[in-house]
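Structural description and commentary
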Amino acid sequence: MNLAQFPRRGYVQEATPIEFLPNFSKALGNKVNVYIKRDDLLPGTAGGNKTRKLDFCIADALAKGCDTIITCGAVQSNHCRLTLAWSVKEGLDCHLVLEERVKNSYNPEASGNNFLFQLLGVKSITVVPGGSNMMGEMEKVAEKLRAAGKKPYIVPGGASNALGALGYVSCMEEIMHQMFEKGLNFDHMVVPSGSAGTHAGIIAGMIGNNINIPVTGIGVNRPKAVQQEAVHKLANQALELIGVEQRVPAEKVVAFDDYVGPGYSLPTDAMVEAVKLLAQTEGILLDPVYSGKAMSGLIDLVRKGYFKEGANILFLHTGGSPALYAYLDSFRK
Ligand SMILES: *Cc1c(COP(=O)(O)O)cnc(C)c1O
């Protein structure tokens, strides 16, 4: 696989750490050894997984001579925060379209990522109701900007197109090298699965490199069948983009929906337990919407005996901790 054929900005200069979590593993009864891939420590304001995808997407925007980025997300979107941050760094204007997936959830005074949108100098925020056609809404913003003489580039939600997913194909290659260097062999990987680019990229990276580690996705939004279909399709598109002929066998794509709770971004007791447990055993912050729910899935699966005794499990920490500050009530009660 040759990822060097695609333009990149070089946002990821070094491998993010892989750490063993001895206290956390012990708190789960030492049935398995849990390791964590610290993509929460990626460069870009407050870190997180979107940096790897934007490395490819923003390079594409610049190669096409664009001067403005438009993207979309939920009201506390980490993806919007990072797209804005990298746009600032590149000297590009950035406009956001926010989807109120939970009715009346947009509050311009809110903390967390919303505060950071303002602090980082967002050019405009357009709020639209949940279920809107987000690409259509971004096109409307683009049309206005073109009329004003700008050259806008639309990054899809989560930067989850085939190009963005290459960020996680490259992450899988990074993990493979770290495993070899450290003499570590993982029996299983657990990843959050949202707009699907991260999960799809990891799977495409496994297929392209003939690695056979089972991957369990923990969905945060859509029903299992819908999410698996989205991940499967995007992983195949990523393989096609790179020029790999192999395709992903459908049974390799697993995305449980048991940990979503009442809905996207709505807190669950298990999420609160997971965030507190990792904070209080290892001093690492998860987030309420993605990595916290994904870790609640890992915890439940360990307790249920889903992984074999003594297995080495790698959890992908995709970041998101700024959103914690918009959920204080969930943690204080
Ligand atoms: C976007 C996001 C995810 C999900 O990644 P996708 O590629 O959208 O599936 C997970 N964790 C955090 C913190 C995120 O911001």
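Parameters and conventions
Residues numbered from 1 in each chain as written. Predicted model: local features only at pLDDT ≥ 70, side-chain atom pairs only at ≥ 80, totals over all residues. Heavy atoms only, no water. Helix = DSSP H or I, 4+ residues; strand = E, 2+ residues; numbered from the N terminus. Rg over C-alpha atoms; globule rule 2.2 N^0.38 Å. Contact = heavy atoms within 4.5 Å. Lys, Arg positive; Asp, Glu negative; His and termini not counted. Charge placed at Lys NZ, Arg CZ, Asp CG, Glu CD. Near = heavy atom within 4 Å. Polar contact = N/O pair within 3.5 Å; in protein donor to acceptor, adjacent residues only side chain to side chain. Areas by Shrake-Rupley, 256 points an atom, 1.4 Å probe, with all protein chains shown as cover. Expected span 1.5 Å × (residues − 1). Buried < 20%, exposed > 50% of the residue type's maximum accessible area, 1.4 Å probe, protein only. Salt bridge = Lys/Arg side-chain N within 4 Å of Asp/Glu carboxyl O. Core = buried A, V, L, I, M, F, W, Y, C linked by side-chain atoms within 4.5 Å. Pairing = 2+ DSSP bridges. Axes fitted to C-alpha atoms, helices over the stretch in contact; angles between N-to-C directions.

Before going further, it helps to spend a moment on the overall build of the protein. Assigned secondary structure in the protein consists of 11 helices and 10 strands. Over its C-alpha atoms the protein spans a radius of gyration of 19 Å, differing by no more than 12% from the 20 Å that the globule rule assigns to 333 residues. Once the C-alpha set of the protein is aligned to its principal axes, its extents read approximately 60 × 50 × 35 Å. Partitioning the contacts of the protein with sequence separation of at least 6, the portion at a separation of at least 24 is 79%. Each charge class in the protein can be summarised by its mean position, and for the 33 positive and 32 negative side chains these summaries are 2 Å apart.

Our next topic: the site of the ligand. Residues in contact with the ligand amount to 17 residues; listed here are only the nearest, Lys50, Lys53, Ser195, Thr198 and Thr318. Between the ligand and Asn78 there is a distance of 3.0 Å, counted from an oxygen atom to a side-chain nitrogen or oxygen. About the coverage of the ligand: the protein hides 98% of its 380 Å² of free accessible area. Every element with two or more residues in the shell around the ligand is listed here: helix H2 (50-63), strand S7 (188-193) and helix H7 (197-208).

The next subject is helix H6 (residues 162-182). Compared with the 30 Å implied by 1.5 Å per residue over 21 residues, the 30 Å span of H6 between its first and last C-alpha is a close match. Counting buried positions along H6 gives 15 out of 21 residues, so the element sits mostly inside the fold.

On to the pattern of salt bridges. Pairs can form between side chains of opposite charge once their charged atoms are near each other. What the rule picks out here adds up to 16 salt bridges. Across the pair Asp300 and Lys304 runs a salt bridge whose closest N-O atoms are separated by 3.1 Å. Judged by relative accessible area, Lys304 falls into the exposed class, the value being 56%. Here the salt bridges do not stand alone but share partners, grouping Lys37, Asp39, Arg52 and Glu174 into one network.

With that settled, consider the nonpolar core. Within soluble globular proteins, side chains that are nonpolar generally end up buried alongside one another. Ranked by internal contacts, the top residues of the largest apolar core, which has 53 residues, are Ile175, Met189 and Ile202. Those elements that provide at least two residues to this core are H2, helix H3 (78-90), H6, S7, H7, helix H8 (224-242) and strand S10 (312-317). Top element by residues in this core is H6. It accounts for nine residues. Other than its neighbours up to four places away in sequence, Ile202 contacts Tyr168, Cys171, Met172, Ile175, Met189, Val215 and Leu316. Phe24, Leu278, Phe307 and Tyr327 belong to the second-largest nonpolar core, a separate cluster that totals 35 residues.

Pairing is parallel across the open sheet formed by four strands, whose spatial order is S5-S4-S3-S6. Where the open sheet ends on each side, the last strands, each with one partner, are strand S5 (124-129) and strand S6 (152-154). Across the sheet, the mean angle separating the axes of adjacent strands is 25 degrees when strand polarity is ignored. Bridge analysis of strand S4 (residues 93-100) against S5 gives six bridges, and the strand direction is parallel. Bridged to Leu98 within S5 is Val127. Packing against the sheet, H3 makes contact with strand S3 (68-74) and S4, and its axis sits at approximately 165 degrees to S3.

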